Amino acid sequence: MTSSQPTNLVPAMESIAREAGSLVMSYFHQRVNIEYKGDADLVTVADRKSEALILERIRQQFPTHDVMGEEGARIDSGGDYKWYVDPLDGTTNFAHGFPVFCISLAVECRGQRAAGVVYDPTREEMFTAELGKGARLNGQTIHVSTTSRLAECLVGTGFPSHKRHKSPNIYFYHQITLRTHGVRRAGSAALDLCNVACGRFDAFWEFNLNPWDTAAGVLIADEAGGRVTNFSGGPFQLDSRETLASNGLVHEALIHEFQEIFAGRGLEELPSPVEYAKDRAT
Ligand code: IPD
Ligand code: CA
Ligand code: CA
């Protein structure tokens, strides 16, 4: 282990994320070929080069730290520190020229989330958090929103790129849309969690995220005063496959709605397109 303690990690993480952000932006301006990891699971040269750069920096600066990166980076020595790396979160957006994506880095110390950094290079927004020390956006302390009525919330969600036809999330999207100001599918789970942290979203949920998507954003949302659990209100685990983050005030209301949806109660029926076409003039 190096002499770095968890509290010293954020500046180094910020600098690595900024460097990876510049690299990703250089590809964004060129437009790159899309390759496929699955039928709608995209990857580009920018994802791979960003992960290679991040891995090299971790090896140079923290040679005893373990790493799990989305594009395959693995160092697994059983040491105290472990990095979760999403070298480009929002690849589908990136590949289509839609400017919503980020670099997400988290460090766990002996199994506990210790530090997280999410960098949006399109807006030059750096979200950071250290365990017990609050969350920041470009150095300024951030807090979750104070909205207490679900009906007045703006909420985020996301849909999986694997086994899409098996996801029930469209029912959740439909119901929560009807019960709030709206639901956004912006396309980067790490940024969605940061948007909860800084009060732009009042809540966010998604099924089946991976540890590299959530590790940094969950710490940032927690440290900004938010609450992050599974869909039943139980503790969030990196491998739990259910992520529900909120400002805390609307958490129970969302858990209640989720229980109703899972049980098939109170579902508003989706109109058939044919019926809707008949009605649309009225
Ligand atoms: C994806 C994004 C997206 C979420 C997907 C993730 P990627 O990550 O975070 O918002 O809905 O579930 O896989 O593939 O762009 O790193
Ligand atoms: Ca991701
Ligand atoms: Ca990714």
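Each remark here, short or long, concerns the structure printed above.
In what follows, the accompanying structure is described. (Residues numbered from 1 in each chain as written. Chains lettered and ligands numbered in written order. Predicted model: local features only at pLDDT ≥ 70, side-chain atom pairs only at ≥ 80, totals over all residues. Heavy atoms only, no water.)

Regarding the pairing of strand β6 (residues 102-109)
Of all eight residues in β6, eight are buried; the element is thus mostly enclosed. Burial along β6 is two-sided: Cys102, Ser104, Ala106 and Glu108 and Ile103, Leu105, Val107 and Cys109, pointing in opposite directions, are all buried. Note that strand β5 (residues 81-89) and β6 share seven bridges and pair antiparallel. Paired with Lys82 across the bridge in β6 is Glu108. Across seven bridges, the pairing between β6 and strand β7 (residues 112-120) is antiparallel. (Buried < 20%, exposed > 50% of the residue type's maximum accessible area, 1.4 Å probe, protein only. Helix = DSSP H or I, 4+ residues; strand = E, 2+ residues; numbered from the N terminus. Pairing = 2+ DSSP bridges.)

Observations regarding the layout of surface pockets
The calculated volume of the largest pocket comes to roughly 870 Å³. In terms of lining, the largest pocket is formed by 37 residues, of which the most central are Phe159, Pro160, Ser161, Arg185 and Glu206. Taken together, the elements giving at least two residues each to the lining of the largest pocket come down to β5, α3 (91-96), α4 (169-179), β13 (203-207) and α6 (211-223). Residue contributions to the lining of the largest pocket reach at least three from each of two domains, namely domain 1 (9-141) and domain 2 (150-263). The space that makes up the second largest pocket amounts to roughly 180 Å³. In terms of lining, the second largest pocket is formed by Val100, Asp120, Arg123, Glu125, Arg184, Ala186, Leu191, Asn195, Arg200 and Phe201. Looking at the lining of the second largest pocket residue by residue, the class counts come to four nonpolar, one polar and five charged. (1 Å grid on protein atoms, 1.4 Å probe; cavity = no way out; pocket = protein on both sides within 12 Å on 5 of 7 lines; lining within 4 Å. Points joined across faces, edges and corners; volume = space filled by probe spheres on them. Domains from an automatic or database assignment. Nonpolar A, V, L, I, M, F, W, Y, C, P; charged D, E, K, R; others polar.)

Here's the deal with unusual backbone geometry
Its identity is not glycine, yet Glu124 carries a phi of approximately 50°, on the positive side. Looking at where Glu124 falls in the secondary structure, it is placed in the loop between β7 and β8 (125-130). The phi torsion at Asn208 lies on the positive side, around 60°, for a residue other than glycine. Along the chain, Asn208 falls in the loop between β13 and α6.

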